[in-house]
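# Geometric and topological summary
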Amino acid sequence: MTGLEVEIAGMRLRNPTILASGVLDETGKSMLKVANAGAGALVSKSVGLYERQGHPNPCVAEVECGLLNAMGLPNPGVEAYAAEIAEAKKGEVPVIGSAFGVDADEIAEVAALLCAAGADAIELNLSCPHAEGYGAEIGSDPDNVRHICESTKAKVSRPVLAKLTPNTSSITELAIAAQDGGADGVVAINTLKAMSICPELRMPVLSNRVGGLSGPAVRSVGVRCVFEIFEAVDIPIIGVGGVSTARDALEYLMAGARAVQIGTAIRSRGTDVFAEVCSGLTEFMSKNDYRSIQEMVGGAHHVTA
Amino acid sequence: MSLLRPFTIAEQIDEAASCKTMRFIGTLHADPGQFVMIWIPGKDEFPMSVSYTGEAFGVTYKIIGEGTQSLSAMKPGERVGIRGPYGRGFEVHGRRMLAVAGGAGMAVIAPLIDMAIEKGAEVDLVLGARTESEIIMRGRCESAGAEVHISTDDGTAGAKGLATDITSQLLENATFDSVCACGPEKMIAGVYSMSKKLDLPFQASLERFIKCGIGICDSCAIDGMHVCKDGPVFSGEVLATLDDFGKGRLSPSGRRLPLD
Ligand SMILES: Cc1cc2nc3c(=O)[nH]c(=O)nc-3n(C[C@H](O)[C@H](O)[C@H](O)COP(=O)(O)OP(=O)(O)OC[C@H]3O[C@@H](n4cnc5c(N)ncnc54)[C@H](O)[C@@H]3O)c2cc1C
Ligand SMILES: Cc1cc2nc3c(=O)[nH]c(=O)nc-3n(C[C@H](O)[C@H](O)[C@H](O)COP(=O)(O)O)c2cc1C
Ligand code: FES
C-alpha cells in the first residue's frame, strides 16, 4: 500500500480520515456529503434496538477549547435507520455501523441488524458518557467489554471495533479485554465526562448536567491513550479526539493509530476538513520521505522513557 | 464559536393574541433571518429568529407549547441564556422586492424589510394570518415604507384567502426583481413555485428541529443541507435540489416524518 491508503481489520481505506460517530450521520445524505468531501470511511450515528429522542435541549455547550454534548443517543431505532446506511453506501467508502445497547445480547443483535442493513464493519459504543445504562456505564468494566466483544463476534462476520472510554483508570485494560474478546480493532477515545455551569444562571448548562467533552481540549488525552494502547495490544487502533489538522492526525499516527476519526472539527472547518487533513499528510510524507501511512504508525515508540 | 451569554429581559410586548416580542438589555447584531438559541434555565432551549437587531435586540415568538409558554411567563429583570447568532440570513436582490410572510414568519420578514428599504429597495409585503387578531407588525412595516397587502383565512381583515392567493395576483400585475418568504413551509413551497415560473430570484427561511445549532449533530438536516448552518435562509437554486422541501422532516429521534 502506498500513499494515503490504509488497511484496518481487512478494510481498505483510500485515506486514514474517518467520520466520527454522532457527527453529521443522522441521515444518509449527510454521510454521503462527507464521503464526497473526501473521508476514507464513515461511522454511523450510534443506534439501538429502539427509537430514542435523546436528552432535551440544551444538549450542547460550546467552551473555549472544545465542545460539550449530551445528545443522549437519539436515534430512530436500527430498523428505521437501515435506509440511511443504504444511502451512505452510495459514497463508495466503508460504512461502519455504531451499535449501543443495554447488554451484550442487545448490542450483538443491533450489530447483526446493522450488518444486514449493509454496514461494512461494526463499532461498539462502549463509551458514551452521558446516557444512563449505556455506553461507558457498561464499557468501563473489562469483563463487560470482553463479553460484549465475544457476543458480537459470535453474531456477525464483519470486522468488530471496540470504541473505548477514557473515563476510567486504565484504558489499556479495556483495550486488552477487547482484544481478548476477539475485537478486530479498538477506537480511542470517546468524549471525556465534563460539565459547564453558567454562573449568572447558577445552573449546569446541559439539561443532563453532565456531558462529553470533545475537540482540541481532548487531543492530548487521546494521543496518550493511543500511545499506551499501542504498547499493550496487537490489533489495529483508530485514534479519535480533537483532530482538525494534518499535524493533529500525525500525532495519533505516531502514537500508534492507523487512522483517525474526525468529529467536532467539522464545526469550524466544515466537511472540507477531511481533504485538508489528507493534503497535509501527503505534504508531510513527501517532505519526510514516507511512502505509506503504515511507515509512520507507532513512529514515536522508539524512545524508551 | 459563540459562547453562551446571560441576558436580562428588558420588556415583553404583546404583539397579538398569543404572540409576544421580548427585548433584552444589551446588544446583539444579526442579519435578517439569523437566529439565536434561547435557554430558559431548567426548562428548554429553542431557536428564535432575531426580530430586532443591535442595541436592545429582541425576538418575536408565537406561544405554541411549554417552552414558549415559559418564555411568555418571564418578567423584565429575569435572565435567559443566549448563544448565537447562527446561520445565514437574507440578502437583498434588486430594486423591487416582494416579501411574503405567514403568521410568526413576520418576525423574520420585518427586519428584512428594514434592511431592504435602508438599501433603497421598494418592498411589497403580503402579510397572511388566520384571522385579524393574529396579524403582527403591520404598523412597523408600514412606517418602514412597505406597501402592505393583508390576507386572512377567515376574511376578518384584508382579502379573504391564503397569502399565496394575493401573492399570485401581485406577481401577475407587477414586476418584481426578487421574492422572499417566511412562514408555513407549504406556503413557502407555493410562493416558490410561482417565483420559479417567472424565473425570479427566491429566498426563504425554513424550520427544522434544532439541537446543536452549529452544524454537527445532523438534527436539522434536509437532504444533506443544514438549516442551522447552510440556512435557515435558502435560495431557490438550493431549494430546487432538496427532495424533502415542502414534504418531509426529521423527528428529534431522527425518524422521517411527513411535513405537517
Ligand atoms: C431557525 C428557526 C427560527 C425560528 N424562529 C422563530 C421565531 O422567530 N418566532 C417563533 O415564534 N418561532 C420561531 N421558530 C420556531 C420555534 O423554535 C418553536 O416554535 C419553539 O421551539 C416551540 O417551542 P415550545 O416548547 O413552545 O413548543 P413544543 O411544544 O416543544 O413544540 C411544538 C413545535 O415547536 C417546534 N420546536 C420545538 N422545539 C424546537 C427546536 N428545538 N427546534 C425547532 N423547532 C422546535 C416543533 O415543530 C414542535 O413540534 C423558529 C424555528 C427555527 C428552526
Ligand atoms: C455531537 C456529538 C455526538 C456524538 N455522538 C456519539 C455517538 O453517538 N457515539 C459515539 O460513539 N461517539 C459519539 N461522539 C463522540 C465522537 O465520536 C468522538 O469520539 C469525540 O467527539 C472525539 O472526537 P472529536 O474531538 O473529533 O469530536 C459524539 C460527539 C459529538 C461532538
Ligand atoms: S441543529 Fe445540529 S446540525 Fe443543525
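For the structure given in this document, a descriptive report is provided here. (Residues numbered from 1 in each chain as written. Chains lettered and ligands numbered in written order. Predicted model: local features only at pLDDT ≥ 70, side-chain atom pairs only at ≥ 80, totals over all residues.)

## Some details on unusual backbone geometry
What counts here: To qualify as a helix, a DSSP run of H or I must reach at least 4 residues; to qualify as a strand, a run of E must reach at least 2; elements of each kind are numbered from the N terminus. As a rule, residues whose C-beta atom has 12 or fewer other C-beta atoms within 10 Å are exposed, those with 20 or more are buried, and those in between are partly exposed; C-beta atoms are placed from the backbone.
Note that the residue after Asn-57 of chain A, namely Pro-58 of chain A, is joined by a cis bond; omega there is -5 degrees. Tracing the sequence through the fold places Pro-58 of chain A in the loop between β4 (41-47) and β5 (60-63). For the bond running from Gly-84 of chain B to Pro-85 of chain B, omega is 5 degrees, close enough to zero to count as cis. Mapping Pro-85 of chain B onto the fold places it in strand β8 (residues 79-86). If you check the backbone angles, Arg-202 of chain A has positive phi at about 50 degrees while not being a glycine. According to the C-beta neighbour criterion, Arg-202 of chain A is exposed, with 8 such atoms within 10 Å. Even without a glycine there, the phi angle at Ser-18 of chain B is positive, about 50 degrees.

## Things to note about the interface of chain A and chain B
For clarity, the cut-off: We call two residues in contact if the C-beta atoms placed from their backbones are at most 7 Å apart. Note on residue categories: nonpolar means Ala, Val, Leu, Ile, Met, Phe, Trp, Tyr, Cys or Pro, charged means Asp, Glu, Lys or Arg, and polar means any other residue, Gly included.
Taken together, the contacts link 33 residues of chain A with 30 residues of chain B. Of all the secondary-structure elements, those providing two or more residues to the side of chain A that touches chain B are α1 (28-36), β5 and α9 (265-269) of chain A. The element that contributes the greatest number of residues to the side of chain A that touches chain B is α1 of chain A, accounting for 4 residues. Here the side of chain A that touches chain B is composed, by residue class, of 17 nonpolar, 7 polar and 9 charged.

## A word on the environment of Val-179 of chain B
All names here are of chain B. Mapped onto the elements of the fold, Val-179 is located in strand β13 (residues 178-182). Spatially, the C-alpha atom of Val-179 lies 6.8 Å from that of Leu-200, the residues being 21 residues apart in sequence. With residues up to four places along the chain from it excluded, the contact list for Val-179 reads Leu-98, Val-191, Ser-195, Leu-200 and Phe-202.

## Quick notes on the sheet that holds strand β4 (residues 35-40) of chain B
Residues and elements named next belong to chain B. As a reminder, the rule being used: Pairing between strands requires that DSSP locate at least two bridges from one strand to the other. To get an axis, a line is fitted to the C-alpha atoms, and for a helix only the part in contact is used. The angle between two axes follows their N-to-C directions and goes from 0 to 180 degrees.
As summarised here, the arrangement of the 6 strands in space is β1-β2-β7-β5-β4-β8, forming a closed barrel in which the pairing is antiparallel. Averaged over all pairs of adjacent strands, the angle between their axes in this sheet comes to 45 degrees, without regard to strand direction. The pairing of strand β1 (residues 5-16) with strand β2 (residues 19-25) spans 7 bridges and is classified as antiparallel. Opposite Asp-14, over in β2, you have Lys-20 as the bridge partner. Across the sheet, helix α2 (residues 106-118) touches β5 (44-52) and β7 (58-62), and the angle it forms with β5 is around 30 degrees.

## Some points on the site of ligand 1
To keep things clear, this is the line we draw: In this entry, near means the residue's backbone-placed C-beta atom lies within 6 Å of the molecule or strand. Segmentation of the chain into domains, including their bounds, is taken from an automatic or database domain assignment.
Lining the immediate environment of ligand 1, one finds 24 residues, of which Phe-46, Ser-49, Gly-65, Gly-67 and Thr-68 of chain B sit closest. Those residues lying near ligand 1 are distributed over chains A and B. Mapped onto the shell around ligand 1, the elements with two or more residues apiece are β5, β7 and α1 (66-72) of chain B. Ranked by residues supplied to the shell around ligand 1, first place goes to β5 of chain B with 5 residues. Considered class by class, the residues forming the shell around ligand 1 number 13 nonpolar, 6 polar and 5 charged. The two domains that each donate at least three residues to the shell around ligand 1 are domain 1 (5-86) and domain 3 (206-260) of chain B.

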